[in-house]
Amino acid sequence: MTALGALMKNYDALFKPLDLGFCKLRNRVIMGSMHTGLEETKNGFDKMAAFYGDRAKGGVGLIVTGGIAPNLQGRIHPFGLQLSYPWQVAKHKKITNKVHKHDTKICLQILHAGRYAYHPFGATPSTSKAPISPFKARGMSKLGIKKTIWDYANCARLAQKAGYDGVEIMGSEGYLINQFLAPRTNKRTDEYGGSFENRSRFALEVIRSIREKTGENFIIIYRLSMLDLIKDGQTWDEVVTLAKQLKEAGVNIVNTGIGWHEARVPTIATMVPRAAFVWITERIKKEIDLPVVATNRINTPDKIEEILESGQADLVSMARPFLADPDFLLKAQANKSDEINTCIACNQACLDHIFQNKISSCLVNPKACHETEYTSEKVKKAKRIAVVGSGPAGLSFAVEAAQRGHQPVIFEKASEIGGQFNIAKEIPGKEEFRETIRYFLKQIEVLNIELHLNKEVNIDFLGSSDFDEVVFASGVRPRIPKIDGIGHEKVLSYPEVLYQKKPVGKKVAVIGAGGIGFDTSEFLIHNPDHISESMDKEAFFKHWGIDTDYKDRGAVTPKEKPAPFREIYLLQRKATKHGKFLGKTTGWIHRQSLKDANVNMLKEVTYKKIDDQGLHIETPEGSKVLDVDNVVICAGQYSDNELFHKFKELDNRPAHLIGGAEKSMEIDAKRAIKQGVNLANKI
Ligand code: FAD
Ligand code: NAP
Ligand code: SF4
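All of these numbers come straight from a predicted model, not from anything done at the bench.

Quick look at the overall build of the protein chain
From N to C terminus, the protein chain includes 23 helices and 28 strands. Along the three orthogonal principal directions, the C-alpha set of the protein chain runs to about 75 × 65 × 55 Å. Burial analysis of the protein chain (683 residues in total) assigns 61% to the buried set. Sequence separation of at least 24 residues holds for 72% of the intrachain contacts in the protein chain that already meet a minimum separation of 6. Summed over all atoms, the accessible surface of the protein chain reaches about 28400 Å², with 50% contributed by carbon and sulfur. Here the protein chain carries 96 positive and 82 negative side-chain charges, and the mean point of each set is 5 Å from the other.

Next comes the structure, spelled out in structure tokens:
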């Protein structure tokens, strides 16, 4: 093998086609089901066609759509999509036609929400209310069950008419079918409840009726809940028994489902180790004679290849990584995997948006789900543009501008690119943030962008330069609150702790409980000599009570909380719950993690002074002195934009302000990157 050959990664297992007999998948990668919110918007089908079409163009073997209900009761939201009537078929054809322009298959996911319905018409095996829904769902009559089975088959038949190559039956994550399977939610005493044979009857009848209505040459994927991760879930024997019956019922592919939505176990967030749940897919693969799909926190071609090559699974499903980069597979195939814009599993623009009733997108790729709003046209006149600062805002601007044909030149006063992402990546559980810096660094090389590190730009430099325009992406500076004794040697700023790694004592008060206060506390409770849980699967399983021996129903076991490395006080002036403003889908994990480490969360605090004794505070319970070794300030930031204002005063060339430099309130990387991309599309 040549030296170059040794460096080349061929991903043979990944790009090996899979023959299902009546159809062939061009490779082993499935784009997993994601509800994007486009389903419910104006011209949603045109937008979905563009969204899925781009991913098909990007080389994915098979796409599974977001969940579509088979009837009204099954909708997740009152206005959620449902496929039940022949007149709906033509709209879906827009999607299938676009995808089939490429050698990609597409399956419609049929999802009945059961008691997860966010409306009052929900139906479930036995009347109950899910902890994550405000509505009680009513128990189904036997007639209702028969009608629902018919609705599933009808939905599949209509999907076939619309040109879909198959359907995926959502049988996991705690939705209706899963509710039938688990004693937690199925208390029926008829032939659909009680014994496992009875509890699994609904799932099998659904599949049989779909197969009967759609014939042999139609893909049926079944999303099997392999780990319910809730009390009174299924046993491993029950999961295996059902898995074995799926083939006879008509299933072609078994996909992996992990954890009910109401489970208090992280399953896809960034602190979950990569490919953490592949072991359970591997176990089921040994039991059945059907292709199985590995899922959850798989985000690189190397990981996919490793899973497939080692025989742990036959296919790999990824969802969010295709929001982050529609060309993931084209890049892997061209041996350019270092050019992939990697999903960092933050959930900030995808899942969190869904919970806020917004259209999904992606923090690292704001064009995702907004394909029709951007053009890939090159600019007619290239401009030389100075970019001050290489945080997420400056980098995204520079890369997008260069892709459009401009000539950005980046100036960064630090010795490396990335801005505050260089601090964020130091937090245990946020290691994925390194990938975004790697991506931008590679783009700078590929697009030949001029980069000047260790170069602090000032007004004289800019004034005497010949740039056509200047983009100020100079970010933020930490706010230092006015507290008596703030200059005491005990006091440290968060960059001093997280980035400069200044020594910190065993007892610490953190002032400010925003995202950075939480992250700083997470950093401080960890022993720096231990690797982070997100890199250590065993430690992660123990902490979150995941029983890999599957001794009890649902595979849950008491948590083994790691011993905290420091004693922490996390303080805020507000009266609201700590972390109230953190992301909906990840905030609870951050809060739980700090609770597990016995972090003392104090609210309605007034800071009086800092001295040798420690931090003096007033609380509703009275005055206290926290006898801490250090006080770490995480009290927000203000914009670093003086240079911009000076430039505007002295120079009449166009100047732009983006990211934290434009507005420090609630600045995060999602806004910073989006502003960069949008500005580059306007200039
Ligand atoms: P910055 O990242 O601050 O970058 C500004 C850059 O400009 C810096 O590199 C600076 O050196 C440079 N610069 C300034 N002045 C000059 C000059 N005169 N000449 C040359 N260079 C200059 N956000 C999220 O969305 N999700 C998270 O999970 C998250 N976690 C975080 C965790 C921590 C611990 C921290 C500190 C931040 C986190 N953030 C997170 C916030 C996020 O990193 C910021 O919102 C984002 O980096 C802001 O981007 P920016 O480009 O506007 O500014
Ligand atoms: P932040 O969320 O605005 O929090 C600042 C904290 O400081 C608040 O808890 C505030 O609470 C306190 N504070 C403000 N002024 C103060 C003062 N003068 N004296 C004492 N306390 C004061 O800002 P941040 O934590 O610095 O985070 C910055 C941005 O980064 C956030 O907007 C966030 O979006 C982003 N980020 C996101 C994540 C994530 O996981 N998504 C993680 C980290 C950062 P009180 O006023 O109640 O005291
Ligand atoms: Fe991944 Fe975050 Fe983008 Fe969602 S927003 S796709 S989690 S990088």
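After that view of the structure, there is still more to cover.
Side note on the site of ligand 1
Taken together, 37 residues surround ligand 1, and among them Gln348, Glu412, Lys430, Gly660 and Ala669 come closest. At 2.7 Å, a side-chain N or O of Gln348 approaches a nitrogen atom of ligand 1. At a separation of 3.1 Å, a nitrogen atom of ligand 1 approaches a polar backbone atom of Lys413. Look at ligand 1: alone it shows 1000 Å² of surface, and the protein chains cover 92% of it. For the shell around ligand 1, a count of residues per class yields 19 nonpolar, ten polar and eight charged.

What about the site of ligand 2?
Surrounding ligand 2, one finds 22 residues, the nearest of these being Ala513, Ile516, Arg573, Lys574 and Ile667. One of the side-chain nitrogen or oxygen atoms of Lys430 is found 3.4 Å away from an oxygen atom of ligand 2. A distance of 3.2 Å separates an oxygen atom of ligand 2 from a polar backbone atom of Gly515. Isolated, ligand 2 exposes 900 Å² of accessible area, and the fraction of that covered by the protein chains is 77%. The dominant element in the shell around ligand 2, judged by the number of residues it contributes, is helix α19 (residues 515–525), at three residues. Here the shell around ligand 2 is built from residues that sort into eight nonpolar, seven polar and seven charged.

A look at the sheet that holds strand β21 (residues 567–571)
One key point about sheets: their strands pair by backbone hydrogen bonds, in either a parallel or an antiparallel sense. The strand order across the open sheet built from five strands is β19-β26-β20-β21-β22, with neighbouring strands paired in parallel fashion. The sheet is open, and its two edges are formed by β19 (491–493) and β22 (600–602), each paired on a single side. Strand-to-strand, the axes of this sheet are offset by a mean angle of 20 degrees, without reference to chain direction. Where strand β20 (residues 507–511) and strand β26 (residues 630–633) come together, four bridges link them in parallel fashion.

Regarding empty space enclosed by the protein
Within this structure, the stated rule accounts for three cavities of 30 Å³ or more. Of the pockets and cavities examined, the largest cavity occupies roughly 90 Å³. What lines the largest cavity is a set of 13 residues, among which Cys343, Cys346, Cys350, Cys362 and Leu363 lie closest to the centre. In this model, the second largest cavity occupies a volume close to 50 Å³. Lining the second largest cavity, in full, are Glu39, Phe45, Met48, Tyr52, Thr65, Gly66, Ile68, Leu81, His92, Ile95, Leu108 and Tyr164. Elements with a minimum of two residues in the lining of the second largest cavity: α2 (44–57), β4 (62–68) and α3 (89–99). Here the residues of the lining of the second largest cavity are counted per class, giving eight nonpolar, three polar and one charged.

Quick notes on the sheet that holds strand β9 (residues 166–171)
Spatially, β3-β4-β5-β9-β10-β11-β12-β13 is the arrangement adopted by the eight strands of the closed barrel, whose pairing is parallel. Taken over all neighbouring pairs, the strand axes of this sheet differ in orientation by 30 degrees on average, direction set aside. Two strands pair when backbone bridges link them, and β9 and strand β10 (residues 219–227) are joined in this way by six bridges, in the parallel orientation. Bridged to Met170 within β10 is Arg223. Across the face of the sheet, helix α7 (residues 201–214) comes into contact with β5 (105–110), β9 and β10 while running at roughly 170 degrees to β10. Helix α8 (residues 236–249) rests against β10 and β11 (253–258) of the sheet, and its axis sits at about 170 degrees to β10.

Notes on the packing of α7 against α8
Close contact between α7 and α8 brings their axes to 9 Å; oriented N to C, the two are set at 20 degrees. In this view, α7 runs roughly parallel relative to α8, as classed from their interaxial angle. Of the two possible hands of crossing, α7 and α8 adopt the one that is right-handed. Every residue of α8 that contacts α7 at Leu204, Ile207, Arg208 and Arg211 is listed here: Leu242, Gln245, Leu246, Glu248 and Ala249.

Here's the deal with the environment of Glu426
Position of Glu426 relative to the elements: it lies in the loop between α15 (421–424) and α16 (433–446). Each C-alpha atom of the pair Glu426 and Tyr499 lies 7.3 Å from the other, and the pair is 73 residues apart in sequence. If sequence neighbours within four positions are ignored, Glu426 has contacts with Leu498, Lys501 and Phe523. In this structure the side chain of Glu426 is engaged in a polar contact, spanning 3.2 Å, whose partner is the side chain of Lys425. At a separation of 2.6 Å, a polar atom in the side chain of Glu426 contacts the side chain of Lys501.

Observations concerning the pairing of strand β8 (residues 136–139)
Bridge count between strand β6 (residues 123–124) and β8: two bridges; the pairing is parallel. Within β8, the residue paired with Ala123 across the bridge is Arg138. In terms of strand pairing, strand β7 (residues 128–129) meets β8 through two bridges, oriented antiparallel. Counted as the bridge partner of Ser128 is Ala137 from β8.

What about α3?
Among the residues of α3, those classed as buried are Val89, His92, Ile95, Thr96 and Val99. Taken around the axis of α3, the buried residues stretch over an arc of 115 degrees, which confines them to a single face. Where the residues of α3 are buried, they touch α2, β4, β5 and α4 (142–161).

Analysis parameters
Residues numbered from 1 in each chain as written. Chains lettered and ligands numbered in written order. Predicted model: local features only at pLDDT ≥ 70, side-chain atom pairs only at ≥ 80, totals over all residues. Heavy atoms only, no water. Helix = DSSP H or I, 4+ residues; strand = E, 2+ residues; numbered from the N terminus. Buried < 20%, exposed > 50% of the residue type's maximum accessible area, 1.4 Å probe, protein only. Contact = heavy atoms within 4.5 Å. Areas by Shrake-Rupley, 256 points an atom, 1.4 Å probe, with all protein chains shown as cover. Lys, Arg positive; Asp, Glu negative; His and termini not counted. Charge placed at Lys NZ, Arg CZ, Asp CG, Glu CD. Near = heavy atom within 4 Å. Polar contact = N/O pair within 3.5 Å; in protein donor to acceptor, adjacent residues only side chain to side chain. Nonpolar A, V, L, I, M, F, W, Y, C, P; charged D, E, K, R; others polar. Pairing = 2+ DSSP bridges. Axes fitted to C-alpha atoms, helices over the stretch in contact; angles between N-to-C directions. 1 Å grid on protein atoms, 1.4 Å probe; cavity = no way out; pocket = protein on both sides within 12 Å on 5 of 7 lines; lining within 4 Å. Points joined across faces, edges and corners; volume = space filled by probe spheres on them. Parallel < 35°, antiparallel > 145°, perpendicular 65-115°, else oblique. Left-handed = near helix turned anticlockwise from the far one by under 90°. Arc of directions from axis to C-beta.

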